[in-house]
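Reading the structure
These are the residues of each chain, in order.
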Amino acid sequence: MRLSAEARQVLQALAGGSFLKSHRYLDGSKVYRLHNLSGQSRPVSRATVDALVRHGLVISNQKFPAATYMLTDRGRAIVQNYDGEHF
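Values in this document were obtained by computation on a predicted structure and should not be read as measured data. (Residues numbered from 1 in each chain as written. Predicted model: local features only at pLDDT ≥ 70, side-chain atom pairs only at ≥ 80, totals over all residues. Heavy atoms only, no water.)

Moving on, we come to the overall build of the chain. When helices and strands are counted, the chain shows three helices and five strands. Secondary structure elements of the chain occur, N-terminal to C-terminal, as α-β-β-β-α-β-β-α. In terms of C-alpha radius of gyration, the chain reaches 13 Å, essentially the compact-globule figure of 12 Å for 87 residues. Across its three principal axes, the chain shows a C-alpha extent of roughly 40 × 30 × 20 Å. (Helix = DSSP H or I, 4+ residues; strand = E, 2+ residues; numbered from the N terminus. Rg over C-alpha atoms; globule rule 2.2 N^0.38 Å.)

What follows is the structure, given as structure tokens:
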């Protein structure tokens, strides 16, 4: 499995306690943001979130207007076995 640098960063952040959320708006737009424990957030690309979902590494709770993505057991195992270079 090949993951982008952003995807690897998101997995590591989630394992460290951060939250990945999709913020949906009434006009149909959706923005993904990674929220850390200090309250700061940064955008995450849709392609990154799609890849993490497609590989079964995160799952959404499907809430509106802000769904939260959580690590799956597979995602957690991948992060725990990360050798610093290969996922």
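Anyway, onward from the coordinates.
Let us look at the sheet that holds strand S3 (residues 41-44). The strand order across the open sheet formed by five strands is S3-S2-S1-S5-S4, and the pairing between neighbours is antiparallel. Only two strands of the sheet have a single partner each, and these edge strands are S3 and strand S4 (58-60). Strand after strand, the sheet turns through a mean of 30 degrees between neighbouring axes, direction not considered. Relative to strand S5 (residues 66-71), S4 is paired through three bridges, and the arrangement is antiparallel. Among the inter-strand pairings, Ser-60 is bridged to a residue of S5, identified as Tyr-69. Across the face of the sheet, helix H1 (residues 5-15) comes into contact with strand S1 (19-24), strand S2 (30-35), S3, S4 and S5 while running at roughly 140 degrees to S3. (Pairing = 2+ DSSP bridges. Axes fitted to C-alpha atoms, helices over the stretch in contact; angles between N-to-C directions. Contact = heavy atoms within 4.5 Å.)

Looking only at helix H3 (residues 73-80), the buried set comprises Gly-75, Ile-78 and Val-79. Buried residues of H3 fall within an arc of 95 degrees about the axis and therefore sit on the same side. Every exposed residue of H3 that faces more than 90 degrees away from the buried side is listed here: Asp-73 and Gln-80. (Buried < 20%, exposed > 50% of the residue type's maximum accessible area, 1.4 Å probe, protein only. Arc of directions from axis to C-beta.)

Of the pairings in the sheet, the one linking S1 to S5 comprises four bridges and is antiparallel in character. Residue Ser-22 lies in a different strand from S5, and its bridge partner there is Ala-67. Count of turn residues in the S4/S5 antiparallel hairpin: five residues, of which Gln-62 carries a positive phi of about 60 degrees.

Glancing now at the nonpolar core. Counting 18 residues, the largest nonpolar core has Leu-11 and Leu-20 as the members making the most contacts within it. The set of elements that each furnish at least two residues to this core consists of H1, S2, helix H2 (46-54), S5 and H3. Setting aside its immediate chain neighbours within four residues, Leu-20 contacts Val-10, Leu-14, Arg-33, Leu-34, Val-44, Val-49, Ala-67, Thr-68 and Tyr-69. (Core = buried A, V, L, I, M, F, W, Y, C linked by side-chain atoms within 4.5 Å.)

All right, on to H1 then. Of the residues making up H1, those classed as buried are Ala-7, Val-10, Leu-11, Ala-13 and Leu-14. The buried residues of H1 occupy an angular sector of 165 degrees when the element is viewed end-on, so they sit on one face. Just beyond H1, the residue with positive phi is Gly-17, at close to 110 degrees.

These values are about where atoms sit, not about what they do.
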